[in-house]
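# Examining the three-dimensional arrangement
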Amino acid sequence: MESIQYILQILEAYEDEVAGAAYFDGLALAYPQQSAFLERCAALERETATQLSALLQKYQLTPRAQTILEERGALDARRDAGSDCKKLMQQSIKSYAGYVAEFKALEAMGPMEDQRILAALTAHEIRLIEWMRAETGA
């Protein structure tokens, strides 16, 4: 039996990925000159959510409705869209490092059979950071 903390973090990660995809979709609309890049970020978030959905099924977790999660992401995008896109990405690089640490801790908690999906969760966050560094020249 996995810990309640572990299971709740899987649920939270899934919900954050769904909201994250909507967030990047919203930013793509706000920053048309970076839309291809931001749409690629949204696709990565969706792919990661799809991978995590296997763990939701395994642990019989029910996320909040997709529309609610998408609204959360869209609201966050509208809030952040007022700033310079390059500065926003630079801030994201810093804040996303915290997610990498959280996901590595989640990997350490998870059973062996969950490791492939958990490692993909961590790797996707590292990939987002790398893409943003390349995009901003950081």
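Summary of the structure given here.

### Section: the nonpolar core
Of all hydrophobic cores here, the largest spans 21 residues; its most connected members are Phe24 and Leu27. Contributing elements (two or more residues each) for this core: helix 1 (4–30), helix 2 (35–58), helix 4 (85–109) and helix 5 (115–136). Per-element accounting of this core gives the leading share, six residues, to helix 4. The residues contacting Leu27, other than those within four sequence positions of it, are Leu38, Ala77, Ala81 and Leu88. Residues Ile7, Ile10, Ala49 and Phe103 belong to the second largest nonpolar core, which totals 19 residues.

### Topic: helix 2
Spanning 24 residues, helix 2 covers 35 Å between terminal C-alpha atoms, matching the ideal 34 Å at 1.5 Å per step. All of the buried residues along helix 2 are Phe37, Leu38, Cys41, Ala42, Leu44, Glu45, Thr48, Ala49, Leu52, Leu55 and Leu56. Among the structural elements, helix 1, helix 4 and helix 5 are those in contact with the buried residues of helix 2.

### A word on unusual backbone geometry
One non-glycine residue with positive phi stands out, namely Gln60, at about 55 degrees. Structurally, Gln60 is set in the loop between helix 2 and helix 3 (66–80).

### Quick notes on the environment of Gln90
Mapped onto the elements, Gln90 comes out in helix 4. Distance from Gln90 to Thr62, taken between C-alpha atoms, is 34 Å for residues 28 residues apart in sequence.

### Digging into helix 5
The α-helix advances 3.6 residues per turn, and as a result positions three or four apart in sequence lie on the same side. For helix 5, built from 22 residues, the straight-helix expectation of 32 Å at 1.5 Å per residue is met to within 8% by its first-to-last C-alpha distance of 32 Å. Those residues of helix 5 that are buried lie in contact with helix 1, helix 2 and helix 4. Positive phi appears at Gly137, one or two residues downstream of helix 5, with a value of about 75 degrees.

### A short note on the packing of helix 2 against helix 5
At a minimum axis separation of 9 Å, helix 2 and helix 5 run at an interaxial angle of 170 degrees. As far as their axial angle goes, helix 5 and helix 2 are roughly antiparallel. Contacts between helix 2 and helix 5 involve Phe37, Arg40, Cys41, Leu44, Glu45, Thr48, Gln51, Leu52, Ala54 and Leu55 on the former and, on the latter, Arg116, Ile117, Leu118, Ala120, Leu121, His124, Arg127, Leu128, Trp131, Met132 and Glu135. In terms of residue class, the contact of helix 2 with helix 5 is made up of 13 nonpolar, three polar and five charged.

Procedures and definitions
- Residues numbered from 1 in each chain as written.
- Predicted model: local features only at pLDDT ≥ 70, side-chain atom pairs only at ≥ 80, totals over all residues.
- Heavy atoms only, no water.
- Core = buried A, V, L, I, M, F, W, Y, C linked by side-chain atoms within 4.5 Å.
- Buried < 20%, exposed > 50% of the residue type's maximum accessible area, 1.4 Å probe, protein only.
- Helix = DSSP H or I, 4+ residues; strand = E, 2+ residues; numbered from the N terminus.
- Contact = heavy atoms within 4.5 Å.
- Expected span 1.5 Å × (residues − 1).
- Axes fitted to C-alpha atoms, helices over the stretch in contact; angles between N-to-C directions.
- Parallel < 35°, antiparallel > 145°, perpendicular 65-115°, else oblique.
- Nonpolar A, V, L, I, M, F, W, Y, C, P; charged D, E, K, R; others polar.

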